[in-house]
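# Observations on chain architecture
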Amino acid sequence: MMFSLFFDESDTPLFRPPSEANSFLLRVTRGCAHNKCTYCNMYRGVPFQLVTDEEIDRQIALAKKYGGRHVRRVFLADGDALVLSTEKLLKILRKLKETFPNLERVSSYAAPKDILRKSVDELKQLNEAGLKLLYYGMESGDSVTLAHVNKGVDGPQSIEAGQRVRAAGMKLSMMIILGLAGAEGTERHAIETAKAINAIKPTMLGAICLMLYRGSELKEEFERGEFTPMPPAGLMRELGEIICRLDLPEDSECIFRSNHVSNYVPLKATLPAEKDKLLKDIELSVRELSKLKKWDVYNYS
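Values in this document were obtained by computation on a predicted structure and should not be read as measured data.

To continue, consider the pairing of strand β9 (residues 204-209). The buried fraction of β9 amounts to five of the six residues, a majority that puts the element mostly inside the structure. Relative to β9, strand β8 (residues 171-178) is paired through six bridges, and the arrangement is parallel. Looking at β9, one finds that Ser 173 is bridged to Met 204. Pairing of β9 with strand β10 (residues 254-257) involves three bridges; the strand directions are parallel. Residue pairing for β10: Met 204 is matched across the bridge by Ile 255.

Before going further, it helps to examine the environment of Glu 226. Structurally, the position occupied by Glu 226 is in the loop between α8 (217-223) and α9 (232-244). Between the alpha carbons of Glu 226 and Gly 182 there is a distance of 10.0 Å; along the sequence they are 44 residues apart. Looking at Glu 226, its side chain comes within polar contact range of the side chain of Arg 224, at 2.9 Å.

What follows deals with the nonpolar core. Core analysis: the biggest nonpolar cluster contains 66 residues, and Phe 24, Leu 26, Leu 76 and Leu 96 have the highest contact counts within it. Sort the elements by how many residues they give to this core and α9 lands first, with six residues. Discounting residues that sit within four places of it in the chain, Leu 26 has contacts with Ile 56, Gln 59, Ile 60, Val 74, Phe 75, Leu 76, Ala 77, Ile 92 and Leu 96. Listed in part, the 11 residues of the second largest apolar core include Cys 37, Ile 208, Leu 212 and Phe 227.

This brings us to the packing of helix α4 (residues 120-129) against helix α6 (residues 155-167). Relative orientation of the contacting elements α4 and α6 amounts to 50 degrees, with a least axis distance of 8 Å. For the element pair α4 / α6, the angle class is oblique. Crossing handedness for the pair α4 and α6: right-handed. On the side of α4, the interface is formed by Val 120, Leu 123 and Lys 124, while α6 contributes Arg 164, Val 165 and Ala 167. Of the residues contributing to the contact of α4 with α6, the split by class is four nonpolar, no polar and two charged.

Moving on, we come to helix α10 (residues 275-289). For α10, with 15 residues, the first-to-last C-alpha span of 21 Å sits near the 21 Å given by 1.5 Å per residue. Looking at α10, one finds that the buried residues are Lys 275, Leu 278, Ile 282, Ser 285, Val 286 and Leu 289. Looking straight down α10, one finds that the buried residues subtend no more than 100 degrees of arc, so they occupy a single side. Residues of α10 that are exposed and point more than 90 degrees away from the buried face comprise Asp 276 and Lys 280. On its buried side, α10 packs onto α9, β10 and β11 (268-271).

Let us now look at the environment of Gly 141. With respect to the element layout, Gly 141 can be found in the loop between β7 (131-139) and α5 (143-148). A relative accessible area of 6% places Gly 141 in the buried class. On a C-alpha basis, the gap between Gly 141 and Pro 156 in space is 7.7 Å, while along the polypeptide they are 15 residues apart. In contact with Gly 141, other than residues within four places in its own chain, are Leu 146, Gly 155, Ser 158, Glu 192, Thr 193 and Ala 196.

Conventions used here
Residues numbered from 1 in each chain as written. Predicted model: local features only at pLDDT ≥ 70, side-chain atom pairs only at ≥ 80, totals over all residues. Heavy atoms only, no water. Buried < 20%, exposed > 50% of the residue type's maximum accessible area, 1.4 Å probe, protein only. Helix = DSSP H or I, 4+ residues; strand = E, 2+ residues; numbered from the N terminus. Pairing = 2+ DSSP bridges. Polar contact = N/O pair within 3.5 Å; in protein donor to acceptor, adjacent residues only side chain to side chain. Core = buried A, V, L, I, M, F, W, Y, C linked by side-chain atoms within 4.5 Å. Contact = heavy atoms within 4.5 Å. Axes fitted to C-alpha atoms, helices over the stretch in contact; angles between N-to-C directions. Parallel < 35°, antiparallel > 145°, perpendicular 65-115°, else oblique. Left-handed = near helix turned anticlockwise from the far one by under 90°. Nonpolar A, V, L, I, M, F, W, Y, C, P; charged D, E, K, R; others polar. Expected span 1.5 Å × (residues − 1). Arc of directions from axis to C-beta.

Any functional reading would require information that these geometric values do not contain.
The structure is reproduced here in structure tokens:
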């Protein structure tokens, strides 16, 4: 039985990874505690809130009533559930395990500053309690780029966050944003991001293309002529630079995907085994996208 369950009654927007389409979406926070990244408008205008214990229990009770034994996966929403104390998260995880006998996995988004507030031992406790997968938007490994988009951490901190998750035994789905440094910073962004991926060794790696959203500071920079976005072929060249520099252990299996709606070309591979094939696919994509007229298909909103 494939389905999604969601029982929060607020009118605030909810976002989840595509792979959590059939999960019970348990809202434990609303909004984003950081909410300052200049490329993002997901939770602009949404005051950050911690959902009360009573409300969390109500959602779980409804999921039990309508889903019961079919609940196998739970995703903790919103943007950074890991901002909760380890004690509160453990309490939620125990409740989920008690309520759903067929539960296989709990997952959540994880902002880098929230990860860094947890020790490896705390993350291990959460992993053992059932929080098996974290979705981490690293975006870039480059300190200059991260500072420019107000991510709240620098390159070494972004690497430390990812390494803590892996040291705790959790699966790590890590996202990078192609074009985030603009045309001016593309080489630096690619080089430092590849270094970060090599240092972290994520379980899964996703690449999305920068979208300039209405209401984001980065789009306003573009409109003032202070930021030069990358054309589609340039984004693929940047991805090629990143993948070319990856040096992951031969016995590792990092699942790579670029199937987000922002991507011009859907690509997939298992790294490092299929690195050469992926590079050939990227090269072909560059050739085809280079045929597009300059302003035909930028990601503007």
